[in-house]
There are 2 protein chains.
Amino acid sequence: RFACDAVDEGLLTIEEALLTIDASQVDSLLHPQLSRPITEAETVVRGVAASPGAARGAIAFSTEAAIAAAKDGIATILVRKRTEADDVAGFHSAVGILTSTGGKASHAALVARGMGKPCVCGASQLTVDSEARELRLPGGIVMREGDLLTIDGSSGAVTTTAIPLEEPQLGADFERVLEWADSLRRLGVRANADTPDDAARSVRLGAEGIGLCRTEHMFMSPERQKLVRAMILALDSDRRAQALDRLLPLQQGDFERILLEMGHRPVTVRLLDPPLHEFLRDPIEIEERIASASEAGNPALAADLGIELARTLELQEANPMLGTRGVRLSLLHPEILSMQVRALCRASLAVRPRVGTTPRVELMVPLVAFESELSLVSDSALAIAAEEGLAGSEAPLIGTMIELPRACVTADRIAERADFFSFGTNDLTQTALGFSRDDVEASILPLYLELGIVDRSPFESLDGEGVGELVRVAVERGRGAKPGLQLGVCGEHGGDPDSIAFFESLGLDYVSCSPFRVPTARIAAAHASLRGHPADQSEAGLPSPD
Amino acid sequence: RFACDAVDEGLLTIEEALLTIDASQVDSLLHPQLSRPITEAETVVRGVAASPGAARGAIAFSTEAAIAAAKDGIATILVRKRTEADDVAGFHSAVGILTSTGGKASHAALVARGMGKPCVCGASQLTVDSEARELRLPGGIVMREGDLLTIDGSSGAVTTTAIPLEEPQLGADFERVLEWADSLRRLGVRANADTPDDAARSVRLGAEGIGLCRTEHMFMSPERQKLVRAMILALDSDRRAQALDRLLPLQQGDFERILLEMGHRPVTVRLLDPPLHEFLRDPIEIEERIASASEAGNPALAADLGIELARTLELQEANPMLGTRGVRLSLLHPEILSMQVRALCRASLAVRPRVGTTPRVELMVPLVAFESELSLVSDSALAIAAEEGLAGSEAPLIGTMIELPRACVTADRIAERADFFSFGTNDLTQTALGFSRDDVEASILPLYLELGIVDRSPFESLDGEGVGELVRVAVERGRGAKPGLQLGVCGEHGGDPDSIAFFESLGLDYVSCSPFRVPTARIAAAHASLRGHPADQSEAGLPSPD
């Protein structure tokens with residue numbers, strides 16, 4: 001590697017060598033690459049380069065097909081119009097993902113980047129007909145399930161040509177560069193990790209802790225979804241408590257494995273965040289089941305499904321992003337909060353002998369807008385932790401995500417009850433700009449890029465003037481009220497080099513990003529340290545706040 | 001009236017007399033009242049006092065029933081579980097509205113207050129069975145369509161007892177008090193008015209202009225909805241242009257009548273704001289029509305409806321509040337912008353001879369987050385106005401709503417291209433707090449009031465610490481960049497006395513509220529002038545901004 005050679009030959013200092021490296025390219029070094037680029041002639045269609053690396057496999061039009069093929073040892077490319085939560089199992093089984101709609105912040109792109117799977121999104125010239133199990137390409141070409149495709153998530157190109165893949169060459173030079181970066185950076189780097197596998201990968205890639213562990217991702221596997229559904233649909237608190245009692249040991253087991261992987265490193269666990277109806281079945285699917293049950297002469301089942309349908313419709317919201325989610329769930333359903341805190345405390349105690357000390361757990365309350373939301377949840381979480389035997393210096397730290405504009409401007413008050421802040425810049429971007437990510441990515445952002453209203457997606461690189469200004473206000477007011485307040489970032493921006501430079505300029509303590517972006521963040525954080533410091537914001541690459 | 005007598009007898013000065021009046025009670029003086037309160041024993045059910053005044057009428061379970069009864073001269077109370085856009089025609093026909101769900105900021109409450117109709121919302125002990133046309137009350141009582149009810153929108157009580165109503169007694173004393181208020185207040189008072197009737201009522205109640213004319217409300221009548229649907233569903237711009245050509249004279253006619261009513265007073269016209277799918281039919285309704293068409297052996301109609309369904313589903317959004325609406329519509333569909341600007345300019349020119357001068361039109365661009373959104377729309381609107389013959393000093397003023405947190409923190413940049421700002425505090429509350437009004441009113445706000453997290457609905461009275469702080473920042477930055485910038489408020493808070501005191505403390509130029517709240521606002525504005533001024537915020541009744 002050039003940088004290492006230059007240092008060895010005395011041509012460059014470590015600092016100079018590090019600055020020759022483009023942090024945004026580091027990501028792609030960690031994934032299998034094509035041995036040569038796909039030529040224009042070979043390209044059958046082009047989409048958005050949504051998650052780097054290349055993959056070749058047989059087309060699978062459904063999660064089921066991808067899982068079945070994986071069992072037979074067949075590599076697949078999961079091909080969908082768009083992906084949703086229940087496709088995630090298919091992501092695990094596939095070697096790459098291809099969609100005909102959506103952009104860099106679509107569900108497919110986010111999940112693929114989180115898993116480090118190559119992904120091409122929004123290849124809009126494709127017609128994905130999942131029912132006919134046909135993929136129609138421009139020029140009347142039709143491909144069927146099992147046909148082979150190669151996708152390059154670094155360029156967005158898709159081809160039927162078989163181009164050999166090369167495994168990523170990390171080796172000693174790369175490790176050496178990362179060590180230089182670690183010795184020079186001020187910002188800590190953590191990972192967003194929801195599973196023991198993610199946690200192990202995070203440590204391997206150099207994360208100093210987990211900055212965001214999304215507990216709802218532990219509710220996603222099919223068997224657990226059933227329990228979660230039962231809990232949500234329960235009409236009385238007794239039945240809800242029963243369902244929660246069965247979820248508790250499962251959640252505890254997940255926490256134990258994650259805490260063991262992380263050892264002495266801090267682990268930030270976020271309380272249940274998404275609107276509950278995300279865990280429920282599609283009303284249309286329930287209606288179909290009701291029809292089948294009636295036809296099959298099973299009126300009891302049909303009646304049960306009728307109740308499920310009514311409750312599902314009741315929980316639907318006009319704007320779920322701004323509805324019953326985050327801390328609101330903990331206040332509305334204290335029994336869920338209680339289950340989660342107990343599971344976490346019991347996991348801490350269970351792994352303590354093996355870790356050698358009580359794990360450093362940071363309990364994070366999402367979507368706080370009012371300081372009293374945090375104080376109410378904090379009081380009850382601490383009481384539960386004490387019941388479980390974790391009090392005083394052993395009690396979990398309790399902090400909050402700062403992801404609403406109101407939280408930014410009232411950060412001084414919120415800081416009084418918070419052990420830490422973590423900026424949720426994804427949701428802060430959605431609320432500050434009035435941009436529903438699911439909606440504007442496809443309809444508005446392409447036009448805005450074309451008109452020059454934005455020069456990059458604000459979901460990829462932080463909008464410094466708007467969202468960044470709100471973050472700056474929150475930092476100023478939060479630290480004004482509590483000087484030593486720990487400040488991190490756990491939005492997607494935590495892995496974006498330009499955004500990292502901005503966070504350095506504000507003096508945050510750490511960034512947290514998906515495990516595969518940890519090396520990028522380590523280098524970008526070193527660049528940010530080398531190029532500027534809080535007093536010198538003009539180097540940050542983003543307009544200086546205020 | 002006591003205040004007038006006291007002044008006449010020399011006991012109080014005008015200022016002192018004015019301060020004895022409770023501004024929040026003024027509203028109820030303008031509506032029919034019960035001659036005596038409903039007793040506890042008479043109360044069959046109690047809901048939220050959502051729009052003041054009392055009404056007695058026959059139960060109507062649908063808009064159709066209310067309209068039919070009105071034709072026969074029968075007064076009705078429209079009784080619904082909740083109301084939606086297509087119930088608005090029923091509001092006009094009914095004398096009062098009663099719902100079993102929703103609170104003070106529900107659709108029913110907002111529309112009722114806007115129209116000055118008494119309304120009781122969220123009477124949750126009622127079961128409204130619109131299909132069986134039955135209203136089930138506690139204690140097993142069942143009422144049917146046509147049965148008589150009395151509702152008191154000032155107390156929330158509902159009774160079957162016939163209590164005589166009294167017409168509001170405004171008279172000379174009240175007018176005198178309002179004149180005192182006008183002589184003492186600094187803040188201007190405008191009205192939110194969408195129709196010629198609203199405009200006439202606004203002037204009658206003392207509004208100095210229109211602060212918000214929502215052009216989409218002109219698209220709501222059944223015949224026009226058809227044209228609007230054709231415009232939205234058009235697959236090519238030719239067909240869209242055809243539909244718009246037919247809408248233009250209708251919109252122009254509305255503008256003409258409104259401008260004539262307002263004469264020399266300023267009229268702020270907001271460009272089309274809501275997501276387009278609000279104008280489309282419910283997908284389930286379309287599916288039913290497809291089934292009927294197929295059964296009736298009309299495959300051509302079924303195919304057309306199939307296209308409508310596909311396009312309707314395509315336009316649906318996960319979070320419409322944060323989706324394709326506001327200025328985004330004008331940028332995505334410049335032909336809609338063009339139609340609206342032409343209609344407005346032609347209306348101005350048409351009424352000019354009768355008004356004696358070119359009407360003072362202020363064109364307002366909603367949901368701006370980026371200064372270049374405003375400059376792009378402003379450039380094209382001014383070019384179109386010039387084509388229509390309105391240039392230079394005759395061109396409409398062009399300003400923007402400030403209703404997104406990003407707009408508040410970048411107000412200095414936006415001010416450079418704006419002739420005025422109008423704070424849209426409804427949407428600013430939704431985005432700053434992450435509160436979807438449609439969702440949190442029923443599920444979260446009651447709990448938050450109970451837990452003491454909020455002491456009033458932030459949709460009723462401005463959240464001073466959060467939303468108010470963002471408004472303060474925008475005022476400071478906007479006026480910093482453009483000292484004479486005209487600043488108004490057109491959210492619901494423009495008619496709330498405590499919020500008016502806060503707006504006075506920030507030195508805004510005017511508030512705008514629904515016509516029936518104009519007298520309240522005139523008195524509250526005088527109180528705010530008497531009690532404090534921008535330099536003395538501690539009197540404002542809301543925590544002083546930072």
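Residues numbered from 1 in each chain as written. Chains lettered and ligands numbered in written order. Predicted model: local features only at pLDDT ≥ 70, side-chain atom pairs only at ≥ 80, totals over all residues. Heavy atoms only, no water.

### Remarks on the nonpolar core
Inference 1: Tyr448 of chain A together with Tyr448 of chain B are the most contacted members of the largest nonpolar core, which has 238 residues in total.
Inference 2: Not counting the four nearest positions on each side in its chain, Tyr448 of chain A is found in contact with Phe435, Ile453 and Val454 of chain A together with Val327, Arg328, Leu331, Phe370 and Glu373 of chain B. (Core = buried A, V, L, I, M, F, W, Y, C linked by side-chain atoms within 4.5 Å. Buried < 20%, exposed > 50% of the residue type's maximum accessible area, 1.4 Å probe, protein only. Contact = heavy atoms within 4.5 Å.)

### Observations regarding the pattern of salt bridges
Residues and elements named next belong to chain A.
Inference 1: One pass over the full model with this rule turns up 82 salt bridges over all chains.
Inference 2: Here Arg522 ties to Asp182 by a salt bridge, and the two come within 2.7 Å at their closest N and O atoms. Remark: Asp182 occurs in helix α7 (residues 171-184) and Arg522 occurs in helix α23 (residues 518-531); sequence separation between them is 340 residues.
Inference 3: The closest approach of N and O atoms between Arg270 and Asp273, which form a salt bridge, is 3.7 Å. Note on accessibility: Arg270 and Asp273 belong to one class, buried.
Inference 4: Where salt bridges share partners, they join Glu216, Arg270, Asp273, Arg325 and Asp427 into one cluster. (Salt bridge = Lys/Arg side-chain N within 4 Å of Asp/Glu carboxyl O. Helix = DSSP H or I, 4+ residues; strand = E, 2+ residues; numbered from the N terminus.)

### Things to note about the interface of chain A and chain B
Inference 1: With 49 residues of chain A in contact, the opposing surface of chain B contributes 49 residues.
Inference 2: Summed over the three residues of chain A that lose the most area to chain B, namely Asn319, Leu322 and Arg406 of chain A, the buried surface amounts to 14% of that side.
Inference 3: Linking Glu469 of chain A and Arg477 of chain B is a salt bridge whose minimum nitrogen-to-oxygen distance equals 3.0 Å.
Inference 4: At the junction of chain A with chain B, the criterion picks out 24 residue pairs in polar contact (both at pLDDT 80 or more).
Inference 5: If you tally residues by element for the side of chain A that touches chain B, the top one is helix α21 (residues 464-481) of chain A, at 6 residues. (Buried area = accessible area lost by both parts, 1.4 Å probe. Polar contact = N/O pair within 3.5 Å; in protein donor to acceptor, adjacent residues only side chain to side chain.)

### What about the confidence of the model for chain A?
Residue and element names in this part refer to chain A.
Inference 1: Overall, the predicted model of chain A reaches an average pLDDT of 90, with 97% of residues at or above 70.
Inference 2: Per-residue pLDDT stays below 50 along residues 534-546; that stretch engages in 28 contacts with residues further than four places along the chain or on separate chains.
Inference 3: Interface confidence for the predicted complex, given as ipTM, is 0.84, next to a pTM of 0.85. (pLDDT = per-residue confidence, 0-100.)

### Re the relation of the copies chain A and chain B
Inference 1: For the match of chain A to chain B, the screw axis carries a shift of 0.1 Å, the RMSD comes to 0.1 Å, and the turn is 180 degrees. Seen this way, the second copy is the image of the first under a two-fold rotation axis. Closest approach to the rotation axis within chain A is made by the C-alpha atom of Asn319 of chain A, at a distance of 2.2 Å.
Inference 2: Most of the interface of chain A is mirrored in chain B, where 100% of its interface residues are also at the interface. (Least-squares fit on C-alpha atoms with pLDDT ≥ 70 in both.)

### Focus: the side chain of Gln251 of chain A
Inference 1: Along the polypeptide, Gln251 of chain A turns up in helix α10 (residues 237-262).
Inference 2: Among residues more than four places away in sequence, those in contact with Gln251 of chain A are Thr215, Met218, Phe219, Met339, Gln340 and Ala343 of chain A.

### With respect to the packing of aromatic side chains
Inference 1: One pass over the structure, following the stated rule, counts 12 aromatic pairs over all chains.
Inference 2: Seen in terms of ring centroids, Phe435 of chain A and Phe370 of chain B are 6.3 Å apart; in terms of plane orientation they differ by 40 degrees. Their pairing is tilted. Of this pair, Phe435 of chain A sits in the loop between α18 (425-433) and α19 (437-443) while Phe370 of chain B sits in the loop between β17 (361-365) and α15 (371-387), each in a different chain.
Inference 3: Phe435 of chain A gets classed as buried once you look at its relative accessible area, which sits at 0%.
Inference 4: Assessed through its relative accessible area of 6%, Phe370 of chain B is described here as buried. (Phe/Tyr/Trp six-rings, centres within 6.5 Å; stacked < 30°, edge-to-face > 60°.)

### Some words on helix α7 (residues 171-184) of chain B
Residue and element names in this part refer to chain B.
Inference 1: Taking 1.5 Å of rise per residue, 14 residues should cover 20 Å, and α7 covers 21 Å from first to last C-alpha, within 8% of that figure.
Inference 2: Among all positions in α7, only Phe174, Val177, Leu178, Trp180 and Ala181 are buried. Each buried residue of α7 lies within a common arc of 155 degrees when the element is viewed along its axis, so the set occupies one face. Seen from the open side of α7, the exposed residues pointing more than 90 degrees away from its buried face are Ala172, Glu179 and Ser183. (Expected span 1.5 Å × (residues − 1). Arc of directions from axis to C-beta.)

### Points about the environment of Asp509 of chain B
All names here are of chain B.
Inference 1: Summarising the element assignment, Asp509 is placed in the loop between α22 (497-506) and β21 (510-513).
Inference 2: For the pair Asp509 and Val189, spaced 320 residues apart in sequence, the C-alpha separation works out to 8.8 Å.
Inference 3: Ignoring any residue separated from it by four or fewer positions in sequence, one finds Asp509 in contact with Arg186, Leu187, Gly188, Arg479, Leu485, Gln486 and Leu487.

### Overview of the sheet that holds strand β18 (residues 397-402) of chain B
Residues and elements named next belong to chain B.
Inference 1: Spatial strand order, β14-β15-β16-β17-β18-β19-β20-β21: 8 strands in a closed barrel with parallel pairing. For this sheet, the mean inter-axis angle between neighbouring strands, taken without regard to orientation, is 25 degrees.
Inference 2: Examined bridge by bridge, strand β14 (residues 188-192) and β21 share 4 bridges and lie parallel to one another. Across the sheet, the residue bridging to Gly188 is Tyr510, located in β21.
Inference 3: Packed onto the sheet, helix α21 (residues 464-481) meets β18, β19 (420-423) and β20 (486-489) and runs at close to 180 degrees relative to β19. (Pairing = 2+ DSSP bridges. Axes fitted to C-alpha atoms, helices over the stretch in contact; angles between N-to-C directions.)

### Observations regarding the sheet that holds strand β9 (residues 134-136) of chain A
By way of backbone hydrogen bonds, the strands of a sheet pair with one another, either parallel or antiparallel.
Residue and element names in this part refer to chain A.
Inference 1: Taking strand neighbours across the sheet as the criterion, the 3 strands line up as β8-β9-β10 in an open arrangement whose pairing is antiparallel. Strands with a single pairing partner mark the edges of an open sheet, and in this sheet they are β8 (127-129) and β10 (142-144). Mean inter-strand twist for the sheet, computed between neighbouring axes without regard to direction, equals 20 degrees.
Inference 2: For β9 and β10, the ladder comprises 3 bridges, and the chain directions are antiparallel. Across the sheet, the residue bridging to Arg136 is Val142, located in β10.

### Here's the deal with the packing of helix α18 (residues 425-433) of chain B against α21 of chain B
Residues and elements named next belong to chain B.
Inference 1: As a packed pair, α18 and α21 sit with axes 9 Å apart at the nearest point and diverge in direction by 115 degrees. Judged by the angle between their axes, α18 and α21 are roughly perpendicular. Seen from above, α18 lies across α21 with right-handed handedness. Of the residues in α21, those in contact with Leu428, Thr429, Ala432 and Leu433 of α18 are Val467, Leu470 and Val471.
Inference 2: Of the residues in the contact of α18 with α21, the class split is 6 nonpolar, 1 polar and no charged. (Parallel < 35°, antiparallel > 145°, perpendicular 65-115°, else oblique. Left-handed = near helix turned anticlockwise from the far one by under 90°. Nonpolar A, V, L, I, M, F, W, Y, C, P; charged D, E, K, R; others polar.)

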